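What follows is each chain in one-letter form.
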Amino acid sequence: HRPEVQREIAWYQAHKKYFNAVMQKSTPYIAYVYEETRKRKLPSELVLIPIIESDYTPTTRTSRSGASGLWQFMPRT
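Residues numbered from 1 in each chain as written. Predicted model: local features only at pLDDT ≥ 70, side-chain atom pairs only at ≥ 80, totals over all residues. Heavy atoms only, no water.

Asker: With reference to specific residues and values, describe the nonpolar core.
Answerer: Core analysis: the biggest nonpolar cluster contains 7 residues, these being Tyr12, Val22, Val33, Val47, Ile51, Tyr56 and Leu70. Leu70 has contacts with Tyr29, Pro50, Glu53, Ser54, Tyr56, Thr57 and Pro58, leaving out every residue within four places of it along the chain. (Core = buried A, V, L, I, M, F, W, Y, C linked by side-chain atoms within 4.5 Å. Buried < 20%, exposed > 50% of the residue type's maximum accessible area, 1.4 Å probe, protein only. Contact = heavy atoms within 4.5 Å.)

This is the structure we're talking about:
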């Protein structure tokens, strides 16, 4: 019920074409990521993080801090 979460949900609901395009882009990865979360007994919701972080684009580099990849990991972390 946090306002910032509700704003994000509303944004994705208002931009269904964008969401569908991201889901298409995720096709090569999402099943693999899901299976890996299951194997490791991790929350399957982790599969959704790259939608927000990188649009499921593995080569994404969007920050000055050097974050890159599907989950936008930073070199120091």
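Asker: Tell me about helix α2 (residues 16–39), and name the residues and values.
Answerer: In the structure, α2 departs most strongly from a straight axis at Thr27, where the bend amounts to approximately 70° and where the proline Pro28 lies between one and four residues downstream. All of the buried residues in α2 are Val22, Ser26, Val33, Glu36 and Thr37. Of the surrounding elements, those touching the buried residues of α2 are α3 (49–53). Just downstream of α2, Lys41 is the residue with a positive phi angle, here 55°. (Bend = angle between axes of the 7 residues up to and from the residue. Helix = DSSP H or I, 4+ residues; strand = E, 2+ residues; numbered from the N terminus.)

Asker: Which residues make up the packing of aromatic side chains, and what values do they have?
Answerer: In total, this model carries 5 aromatic pairs according to the counting rule given. Their ring planes at 85° and their centres at 5.1 Å tell us that Trp11 and Tyr12 sit as a pair that is edge-to-face. In this structure Trp11 comes out as partly exposed when scored by relative accessible area, which is 36%. A relative accessible area of 18% means that Tyr12 is categorised as buried. For the pair Tyr29 and Tyr56, a centre-to-centre distance of 6.2 Å together with 20° between the ring planes defines the contact as stacked. Here Tyr29 is found in helix α2, whereas its partner Tyr56 is found in the segment after α3, with 27 residues between them in sequence. The exposure class of Tyr29 is partly exposed, given its relative accessible area of 27%. For Tyr56, a relative accessible area of 1% gives the class buried. (Phe/Tyr/Trp six-rings, centres within 6.5 Å; stacked < 30°, edge-to-face > 60°.)

Asker: Talk me through the packing of helix α1 (residues 3–14) against α2; I want residue IDs and the actual numbers.
Answerer: Two elements in contact, α1 and α2, have axes separated by 5 Å at closest approach and are oriented at 85°. Accordingly, the angle class assigned to the pair α1 and α2 is roughly perpendicular. Two secondary-structure elements touch here, α1 through Trp11, Tyr12, Gln13 and Ala14 and α2 through Lys16, Tyr18 and Phe19. Of the residues contributing to the contact of α1 with α2, the split by class is 5 nonpolar, 1 polar and 1 charged. (Axes fitted to C-alpha atoms, helices over the stretch in contact; angles between N-to-C directions. Parallel < 35°, antiparallel > 145°, perpendicular 65-115°, else oblique. Nonpolar A, V, L, I, M, F, W, Y, C, P; charged D, E, K, R; others polar.)

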